[in-house]
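Analysis of the macromolecular model
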Amino acid sequence: MPMPFKILADILEKLERTTSRTQMILYLVELFKKTPPETIDKVIYILQGKLWPEWKGLPELGVGEKSLTKAAAIALHVSEHVVEQLAKKYGDVGKAIEYLKREKDREVGKPVGLLAFMPKKTGAAEELTVEKVYDTMARIALATGEGSRDLKIKLLASLLTEASPKEAKYIARFVEGRLRLGVGDATIMEALALVFGGSAAKRPIIERAYNLRADLGIVAKILATQGIDALKNVHPEVGIPIRPMLAERLNNPVEILKKVGGKAIVEYKYDGERAQIHKKGDQVWIFSRRLENITHMYPDVVEMAKKYLKANEAIVEGEIVAIDPETGELRPFQILMHRRRKHDVLQAMKEIPVAVYLFDILYCDGEDLTLKPLPMRRKYLEDVVEQTERWRIAENIVTDDPDMLEKFFLKAIEDGAEGVMVKAIHDRSIYQAGARGWLWIKYKRDYKSEMMDTVDLVVIGAFYGKGRRGGKFGALLMAAYDPDTDTFKSVCKVGSGFTDEDLERLDDMLKPYIRQTKPPRVDSTMRPDVWVEPALVAEIMGAELTLSPIHTCCYGWAKSGAGISIRFPRFIRWRPDKRPEDATTTKELFEMYKRQLRKVEEAKSASK
Ligand code: ATP
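Keep in mind the model is a prediction, meaning the values are calculated, not measured.

Quick look at helix 17 (residues 374-384)
When we look at burial in helix 17, the residues that qualify are Leu374, Arg377, Arg378, Leu381 and Val384. For helix 17, the buried positions fall inside an angular range of 135 degrees around the axis, keeping them on one side. Exposed side of helix 17, more than 90 degrees from the buried face: Lys379 and Asp383 are the residues found there.

Dropping the structure here:
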């Protein structure tokens, strides 16, 4: 049975109007209960504001505001000028279309006013279905080449003609990429667990499947059609990215070794871009840390994988690092990002050559290795990687001696790495896809500040600058991520550390994400001049972590009536390789705060 699009449009409207996560979950539960199992993937993608996962590398809709206006004009039998004027008045084309459609319905049989020339509505139109909306959108996206713009407009106009006013509004919003409902993946998974697992406690099963197969639509479809137990059989598949395992952080070699169980493998922490490299015969895919398909950016890496990855099917992980073409020395992350921005990939490849330092293997010729301990995975890795100058296994040692660790750490920094990764090698040292845990610990060079480490925070608001920067953004409100509630909690306002160029780019960067009201997943009592939908991640450094009554991060955890903030925060760089959910979490900040307190205590008792 097809699903009436009206059901989805009604829920989208409700979701848009609420700022309460609990309420959002209830609406999603209502929606999933009404969704036919074979359609649930499409509903999930629409909720995520996309047609398919980014990593598929399929085209996006490719319909700009102009084409949308034209399609609306055709569907509503008005001039484009009328649509434009109303879009200006209401702030978006979606609302303008909704208004025009409502007027049209009202004006039927009453030929007066602006819309007098519209044709009369005849008979009851067939009900629009989710399947039809989705499939038409997919056709619009996949239309390329000559005449494709006209075809896209025609298809869209036909959808808008069939839609009710409210449906038309949401179709337009989706096309414009403005369907930002603030529903995070974690919230969707919680609702799925309630509907198909009977309780929120089943969320981890869904999460594990999603971690191994980064396509929530497919995971939801397996769940809805085959039941929750079927998700336990989800294994990695070449060509579908696995969500990366992440590390905790510590800065004391003794503590680090204790945490990982005494003995560990210690590897250079390279300052480049994480790459998950999939190979099947002659085909190679490269996925970024945030699971975008970045294969086209690294033809050199593709070649190396084809030649030097000695397995028919494999998924390996490593860091792609820019190197000095003359000396082979490591160069910093920013240089690699230059290469990413260049349009001429082949030229960029010559100017900024890279090396790949491999550190893990997750799948090999039919075998899922994610649940095997690290030493076994390393063995597989050594077997399948033919090492060359620029395709090699990460520099490493195995040790249980803190002094050795410290020496290796210093050597890593001298060689241009960021520090080291210390990894557990005991029997339970599995690959924890999508999770940050104590099996991997990063020990990084600090940036000559009292704060032990930098943090990655999400922009949730912006403030206009003063003086020379009047009228333009000059400071940002930053937040940490709380995965338990799937919300972003404010940490600090940052206004320094930006170069002039950073500030120049700020307005354009923020523009697509600016909101007049607080986005649903944002938790902040500080009010910025404009709110910003959580999307952009920046690395921030500060003097120290402090208690603050203003910020909501870790509110009440260390002291009642206070959250945790950063004193003298400074912008270091953007982290385009991170999604907002990959930002530093509230729990991590709390751990950092506790460590800072311990250090102060230690310093005090040492000076007594
Ligand atoms: P950071 O912000 O410190 O780069 P992150 O949040 O991206 O870290 P973490 O898990 O905290 O991710 O740190 C591990 C990151 O370090 C990986 O995502 C990867 O890009 C990079 N890296 C460099 N060398 C290694 C290595 N030998 N093993 C694992 N990760 C490595």
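Quick notes on the domain arrangement of the protein
Taken domain by domain, the protein comprises domain 1 (5-49 + 182-231), domain 2 (65-176), domain 3 (246-444) and domain 4 (455-603). For domain 1 and domain 2, the distance between their C-alpha centres works out to 28 Å. Contacts between the two partners involve 14 residues from domain 1 and, on the opposite side, 14 residues from domain 2. Counting each side, the surface lost to burial between domain 1 and domain 2 is near 1,400 Å², with a carbon and sulfur contribution of 65%. Applying the counting criterion to the domain 1 and domain 2 interface returns four salt bridges. When the shortest N-O distance is used, the salt bridge between Asp10 and Lys166 registers 2.6 Å. Between the two partners, domain 1 and domain 2, sit eight residue pairs in polar contact (both at pLDDT 80 or more).

Side note on the packing of helix 1 (residues 5-17) against helix 9 (residues 165-176)
Relative orientation of the contacting elements helix 1 and helix 9 amounts to 70 degrees, with a least axis distance of 9 Å. The orientation of helix 1 relative to helix 9 falls into the category roughly perpendicular. Of helix 9, the residues touching helix 1 (which contributes Phe5, Lys6, Ala9, Asp10, Leu12, Glu13 and Glu16) are Lys166, Glu167, Lys169, Tyr170, Ile171 and Arg173.

What to know about the pairing of strand 4 (residues 283-287)
Burial runs high along strand 4: four of the five residues are buried. Bridging between strand 3 (residues 273-280) and strand 4 involves five bridges; their strand directions are antiparallel. Across the sheet, Lys279 pairs through a bridge with Val284, a residue of strand 4.

Thoughts on the environment of Val356
By the element assignment, Val356 lies in strand 6 (residues 354-364). Taking the C-alpha atoms as reference points, Val356 and Lys599, 243 residues apart in sequence, are found 37 Å from one another. Leave out the neighbours within four places in its chain, and Val356 touches Ile277, Val301, Met304, Glu319, Ile320, Arg390, Trp391 and Arg392.

Notes on the sheet that holds strand 2 (residues 264-269)
Taken in spatial order, the five strands line up as 1-11-10-2-9 in an open sheet, and their pairing is mixed. On the outer flanks of this sheet lie strand 1 (246-249) and strand 9 (396-399), each paired with one strand and no other. Between one strand and the next, the sheet's axes are offset by a mean angle of 35 degrees, whatever the strand orientation. Looking at chain direction, strand 2 and strand 9 are connected through four bridges and run antiparallel.

Topic: the nonpolar core
Counting residues in each nonpolar core, the largest one holds 125 residues, and the members touching the most others are Phe32, Leu47 and Ile171. One finds Val455, Leu457, Ala535 and Leu589 within the second-largest nonpolar core, a separate group that totals 34 residues.

Quick notes on the site of the ligand
Inspection of the region around the ligand gives 19 residues, with Ala247, Arg289, Glu319, Lys442 and Lys578 positioned closest. One of the backbone nitrogen or oxygen atoms of Tyr270 is found 3.1 Å away from a nitrogen atom of the ligand. For the ligand, an oxygen atom lies 2.9 Å from a polar atom in the side chain of Arg575. Taken by itself the ligand offers 590 Å² of open surface, and the protein chains cover 97% of this. Every element with two or more residues in the shell around the ligand is listed here: strand 1, strand 2, strand 10 (419-424) and strand 11 (436-444). Its residues assigned to classes, the shell around the ligand comprises seven nonpolar, no polar and 12 charged.

Points about the environment of Ile441
Positionally, Ile441 belongs in strand 11. The buried category is assigned to Ile441, whose relative accessible area is 0%. In this structure the C-alpha to C-alpha distance between Ile441 and Arg341, which are 100 residues apart in sequence, comes to 31 Å. With near-sequence residues (within four places) excluded, Ile441 lies in contact with Ala247, Glu248, Arg249, Leu250, Ile256, Lys259, Val260, Val420, Met421 and Val422.

As for the packing of aromatic side chains
For the structure shown, the criterion picks out 14 aromatic pairs. Summarising the aromatic geometry, the rings of Tyr268 and Tyr270 are spaced 5.7 Å apart at their centres and angled 50 degrees between planes, so their arrangement reads as tilted. Across the pair, Tyr270 and Tyr268 agree in class, each one buried. Ring centres 6.1 Å apart and planes at 85 degrees place the aromatic pair Phe359 and Trp440 in the edge-to-face group. Residue Phe359 is found in strand 6, and its partner Trp440 is found in strand 11; the two are separated by 81 residues along the sequence.

A few points about the pairing of strand 10
Summarising burial for strand 10: six of the six residues are buried, a large majority. Sheet topology places strand 2 next to strand 10; six bridges connect them, and they run antiparallel. Counterpart to Lys269 in the pairing with strand 10 is Gly419. As judged from the five bridges shared by strand 10 and strand 11, these two strands associate in the antiparallel manner. Following the sheet pairing, Met421 is matched in strand 11 by Lys442.

Some words on the side chain of Thr584
Residue placement: Thr584 occurs in the loop between strand 21 (570-574) and helix 20 (586-607). In contact with Thr584, not counting residues within four places along its chain, are Arg249, Val455, Asp456, Ala480, Tyr481 and Leu589.

Some remarks on the pattern of salt bridges
What the rule picks out here adds up to 50 salt bridges. Between Lys221 and Asp41 there is a salt bridge, with the nearest N and O atoms lying 3.4 Å from each other. Note that Lys221 is positioned in helix 12 (residues 216-226) and Asp41 in helix 3 (residues 40-47), a separation of 180 residues in sequence. With a closest N to O distance of 2.8 Å, Arg102 and Glu98 form a salt bridge. Taken together, the residues span about one helical turn, with Arg102 and Glu98 both in helix 6 (residues 93-107) at a distance of four residues. Within the structure, one salt-bridge network assembled from shared partners comprises Arg289, Asp486, Arg521, Arg579, Glu581 and Asp582.

Observations concerning the confidence of the model for the protein
For the protein, per-residue confidence averages 90 on the pLDDT scale, and 94% of positions sit at 70 or higher. Confidence drops under a pLDDT of 50 for residues 119-123, and excluding neighbours within four residues, the segment shows five contacts in the predicted structure.

Quick notes on the rules
Residues numbered from 1 in each chain as written. Predicted model: local features only at pLDDT ≥ 70, side-chain atom pairs only at ≥ 80, totals over all residues. Heavy atoms only, no water. Buried < 20%, exposed > 50% of the residue type's maximum accessible area, 1.4 Å probe, protein only. Helix = DSSP H or I, 4+ residues; strand = E, 2+ residues; numbered from the N terminus. Arc of directions from axis to C-beta. Domains from an automatic or database assignment. Contact = heavy atoms within 4.5 Å. Buried area = accessible area lost by both parts, 1.4 Å probe. Salt bridge = Lys/Arg side-chain N within 4 Å of Asp/Glu carboxyl O. Polar contact = N/O pair within 3.5 Å; in protein donor to acceptor, adjacent residues only side chain to side chain. Axes fitted to C-alpha atoms, helices over the stretch in contact; angles between N-to-C directions. Parallel < 35°, antiparallel > 145°, perpendicular 65-115°, else oblique. Pairing = 2+ DSSP bridges. Core = buried A, V, L, I, M, F, W, Y, C linked by side-chain atoms within 4.5 Å. Near = heavy atom within 4 Å. Areas by Shrake-Rupley, 256 points an atom, 1.4 Å probe, with all protein chains shown as cover. Nonpolar A, V, L, I, M, F, W, Y, C, P; charged D, E, K, R; others polar. Phe/Tyr/Trp six-rings, centres within 6.5 Å; stacked < 30°, edge-to-face > 60°. pLDDT = per-residue confidence, 0-100.

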